[in-house]
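Letter by letter, the chains look like this.
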Amino acid sequence: MHKLLQTARKHRSLFLFCLDVIIIFLSYLLAFLIRTDLSLKVYHDYILPLFAWMIVPAVSGMCFIMIFHVHDSLWRYTSVAEAEQVVKAVFCGNFIWWLIVMLARPELYIRSVPIIAAMLQIFMMIGVRVIYRVVRNDKTRTCVKHRAVIFGAGSAGVQALRQIRETEGSDVKVVGFIDRKPGLTGKILNGVKVLGTDEDLPEIVQKYHIDYAYIAIKNIRIGQQKELIEACRQMNLHTRIVSVVFHENAGSTAVVREVSMDDLLGRGELHLDNTVIGRLLGGRTVLVTGGGGSIGSELVRQILKFAPKTIAIVDIYENNMFALQQQIEIGRRNGEADTGSDTQMVYLIGSVRDRARMQEIFARWKPEIVFHAAAHKHVPLVEDSPLEAVKNNVFGTKNVIETCIANGVKRFVLISTDKAVNTTNVMGATKRLCEMLVEAYQDNGVTNLCAVRFGNVLGSNGSVIPLFQKQIQAGGPVTVTDPEVVRYFMTIPEAAQLVLQAAAFGKGGEIFILDMGKPVRILDLARNMIQMSGYVPDKDIKIVFTGLRPGEKLFEELVTDTKIVHKTANNLIMVREAEKIDRGELQNKLDLLAEMIRTGNADNRAIIAMADENTGTDQPADVTAPENPAVKPA
């Protein structure tokens, strides 16, 4: 028996096909018996001459079983869709049989037989599938590891239920639905009961021993989703998000994913002036340095939406650029939207340090707009190799700015960082010097220069989020530098979109500052991520404090003097008006840096001192200072 089952699993489609054919034969024999009132004598005298005709419904049935792929479906996932395929195959097969018999030997035809046979086929073919599914589900219930609830008793929730059953197997059992509409409580959806509303969550979790939660609410507001995630986090539920994806001419599917920090920190839809951005980018040639990096590659994807004529991507690290190239080309082959099918893509290896290579690229492709994202950005690494950061960040930016002016580029946008404000590290100092280059060259008469300053970007290379995820997956510990350290965060798409909007606002020499909301305590971030993964902080996953690394501060700032900062037409973007930077004084600093590079004698303190803005320090809490009073400046 065991060998027979193994053989059946190995040749599953053939086995199911043969079983359906047997059902067809059996259904007609039973139909004749039923039609003749189960009289064996009548059956013997009247029916046996028709036995030769049984090959006809069998062959037609086999054909339509294959046409509708009835034998290819997985019985453990039997649903209305599979039942519809069975009904179609049975109807077509019996209709063909009816036509043939009626034309060939109508005097032997009993008109009610195909109707009875068709009903029997549908009953038996669907019945054996349902019985198999029920038996299999009963068998797997004994080894369920997790018990779950689904938020949302609508169409998205039902699709989520099906997807969970298909993908999670025996690991997760959905105990019930939770919906904000009290009138749905007690209703049954696909065999699963609506247990109550959001307010009943604590009682439901305790009563049914819930440890998993799925949020499956169509068109849910970002604030409402945050509330549900927070409620689940407080109860240590492993929380997942279910999104419904619609496919052209192919219905919709549910996609289950883990809760990301974007869900908690994202500020919802950004209201951008796409008309202004479209005028800036549409039909033009755009160049992005560092285009293979986290911010650079997202900038490329966002720029593609505005149909530029050409995008030239320059990066010294070809692996990231190759990955971006493959992603865009595959998207175009699949007909995906926002892949800029009419935009010419150019992928160029080169370093911004190499002035000759920059001149060669600019002369060949003649960009009209340049986004400068190439930089060394990891604070601890830059502290150990400060001169490399000076070469790349400072002199590389100088090369690009001067090459822009020499080649008639209309607009240059520098990607800067909040670490450039009152900096205590070399990376921030080099970025502040880059901002000073933008301000010093603002009256060049050719190129409109501006900078965009923002903080930590979720999911970018080297950010804390991927690090925490890996540490949690490994079972801990999760490492936090200091219990009081806080940072500003925004998502990669937010950063890229606001950079484009700020670029459209630029008139010359400004520093645009992106509103990143409230600063986030890194310790709270670590605890949230542990809880979202279904663990208890300091019990299941330990948190270890490692101390601030060289050059790090407890908190970052956005500006040093709010008197020269004001809002733009977009409330998420502030602008720090251009300052007059004496190019001669700045050149003296650059000469000192060049001498350090020539001699190889790096002086981190001297580099940091060169970035001093020499401005006031009045700063209200709603703009720069962390709101948590426990956080003190380093």
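So, here's what we can say about the structure.

Conventions used here
- Residues numbered from 1 in each chain as written.
- Predicted model: local features only at pLDDT ≥ 70, side-chain atom pairs only at ≥ 80, totals over all residues.
- Heavy atoms only, no water.
- Core = buried A, V, L, I, M, F, W, Y, C linked by side-chain atoms within 4.5 Å.
- Buried < 20%, exposed > 50% of the residue type's maximum accessible area, 1.4 Å probe, protein only.
- Helix = DSSP H or I, 4+ residues; strand = E, 2+ residues; numbered from the N terminus.
- Expected span 1.5 Å × (residues − 1).
- Patch = residues over 30% accessible without salt bridge, like charges linked within 9 Å, V, L, I, M, F, W, Y side chains within 5 Å.
- Areas by Shrake-Rupley, 256 points an atom, 1.4 Å probe, with all protein chains shown as cover.
- Salt bridge = Lys/Arg side-chain N within 4 Å of Asp/Glu carboxyl O.
- Axes fitted to C-alpha atoms, helices over the stretch in contact; angles between N-to-C directions.
- Left-handed = near helix turned anticlockwise from the far one by under 90°.
- Contact = heavy atoms within 4.5 Å.
- Nonpolar A, V, L, I, M, F, W, Y, C, P; charged D, E, K, R; others polar.
- Parallel < 35°, antiparallel > 145°, perpendicular 65-115°, else oblique.
- Pairing = 2+ DSSP bridges.
- Polar contact = N/O pair within 3.5 Å; in protein donor to acceptor, adjacent residues only side chain to side chain.

## Some points on the nonpolar core
Link 1 in the chain: Core analysis: the biggest nonpolar cluster contains 49 residues, and Val370, Val400, Phe412 and Leu593 have the highest contact counts within it.
Link 2 in the chain: Among the nonpolar cores identified, the runner-up in size contains 44 residues, and Ile277, Ile313, Val413 and Ala495 belong to it.

## A closer look at helix 17 (residues 426-440)
Link 1 in the chain: Taking 1.5 Å of rise per residue, 15 residues should cover 21 Å, and helix 17 covers 20 Å from first to last C-alpha, within 8% of that figure.
Link 2 in the chain: In terms of burial, helix 17 is largely enclosed, as 15 of its 15 residues are buried.

## Comments concerning a nonpolar patch on the surface
Link 1 in the chain: Taken together, Leu26, Leu30 and Ile34 make up a surface patch of nonpolar side chains, about 230 Å² in accessible area.
Link 2 in the chain: Checked against the element boundaries, Ile34 lands in helix 2 (residues 12-35).
Link 3 in the chain: For Ile34, a relative accessible area of 43% puts it in the partly exposed group.

## Regarding the packing of helix 14 (residues 355-365) against helix 16 (residues 386-406)
Link 1 in the chain: It is the contact of helix 14 with helix 16, at a shortest axis distance of 10 Å, that shows an interaxial angle of 35 degrees. Note that helix 14 runs across helix 16; the crossing there is right-handed. Between helix 14 and helix 16, the contacting residues are Arg355, Met358, Gln359 and Phe362 on the first element and Asn399, Val400, Glu402, Thr403 and Cys404 on the second.
Link 2 in the chain: The class makeup of the residues in the contact of helix 14 with helix 16 is 4 nonpolar, 3 polar and 2 charged.

## Some remarks on the packing of helix 16 against helix 17
Link 1 in the chain: At a closest axis distance of 9 Å, the pairing of helix 16 and helix 17 adopts a crossing angle of 15 degrees. By the angle between their axes, helix 16 is roughly parallel relative to helix 17. Crossing of helix 16 against helix 17: the hand is right-handed. Residues Pro386, Ala389, Val390, Asn393, Val394, Thr397, Lys398 and Ile401 of helix 16 lie in contact with helix 17, whose contacting residues are Val426, Thr430, Leu433, Cys434, Leu437 and Val438.
Link 2 in the chain: Looking at the contact of helix 16 with helix 17 residue by residue, the classes come out as 10 nonpolar, 3 polar and 1 charged.

## Observations concerning the pattern of salt bridges
Link 1 in the chain: In this structure the tally under the stated criterion is 21 salt bridges.
Link 2 in the chain: The residue Glu435 makes a salt bridge to Arg432 at a minimum N-O spacing of 2.9 Å. With Glu435 and Arg432 both in helix 17, this residue pair falls 3 residues apart, about one helical turn.
Link 3 in the chain: Look at Glu435 and you get buried, because its relative accessible area is 0%.
Link 4 in the chain: Residues joined by salt bridges that share partners form a network here, namely Arg432, Glu435, Glu439, Arg453, Arg576 and Glu579.

## Details of the pairing of strand 5 (residues 212-215)
Here is the key point about a regular strand: its side chains alternate between the two faces of the sheet.
Link 1 in the chain: Here strand 5 shows no split at all, with Tyr212 and Tyr214 on one side and Ala213 and Ile215 on the other all buried.
Link 2 in the chain: Bridge count between strand 1 (residues 146-151) and strand 5: 4 bridges; the pairing is parallel. Bridged to Phe151 within strand 5 is Ile215.

## Comments concerning unusual backbone geometry
Link 1 in the chain: Of note, the amide linkage connecting Gly476 to Pro477 takes the cis form, showing an omega dihedral of 0 degrees.
Link 2 in the chain: Summarising the element assignment, Pro477 is placed in the loop between helix 18 (464-473) and strand 15 (478-480).

## Observations concerning the environment of Leu281
Link 1 in the chain: Structurally, Leu281 is set in helix 11 (residues 274-281).
Link 2 in the chain: It is 9.5 Å that separates the C-alpha atoms of Leu281 and Lys305, two residues lying 24 residues apart in sequence.
Link 3 in the chain: Every residue in contact with Leu281, bar those within four places of it in the chain, is listed here: Val286, Ile303, Phe306, Pro308, Ile369, Phe371 and Leu500.

## Comments concerning the pairing of strand 11 (residues 369-372)
Link 1 in the chain: With burial as the criterion, each face of strand 11 is covered, one bearing Ile369 and Phe371 and the other bearing Val370 and His372.
Link 2 in the chain: As paired elements, strand 8 (residues 285-289) and strand 11 share 4 bridges and run parallel to each other. Bridge pairing links Leu287 to Val370 in strand 11.
Link 3 in the chain: Bridging between strand 11 and strand 12 (residues 411-417) involves 4 bridges; their strand directions are parallel. Residue Val370 lies in a different strand from strand 12, and its bridge partner there is Phe412.

## With respect to the sheet that holds strand 11
Link 1 in the chain: If you walk across this open sheet you meet the 9 strands as 10-9-8-11-12-13-18-22-21, and the pairing is mixed. One side of each edge strand has no neighbouring strand; the edge strands of this open sheet are strand 10 (344-349) and strand 21 (565-567). Taking each pair of neighbouring strands and ignoring which way they run, the sheet shows an average axis angle of 20 degrees.
Link 2 in the chain: Across the sheet, helix 13 (residues 318-333) lies against strand 9 (310-315) and strand 10, angled at about 165 degrees from strand 10, the strand it touches most.

## Quick word on the side chain of Arg576
Link 1 in the chain: Within the secondary structure, Arg576 is located in strand 22 (residues 573-576).
Link 2 in the chain: Within polar-contact distance, the side chain of Arg576 engages the side chain of Glu439 at 2.8 Å.

## Some details on helix 16
Link 1 in the chain: Taking 1.5 Å of rise per residue, 21 residues should cover 30 Å, and helix 16 covers 29 Å from first to last C-alpha, within 8% of that figure.
Link 2 in the chain: In terms of burial, helix 16 is largely enclosed, as 16 of its 21 residues are buried.
Link 3 in the chain: Positive backbone phi, at 70 degrees, marks Gly408, one or two positions downstream of helix 16.

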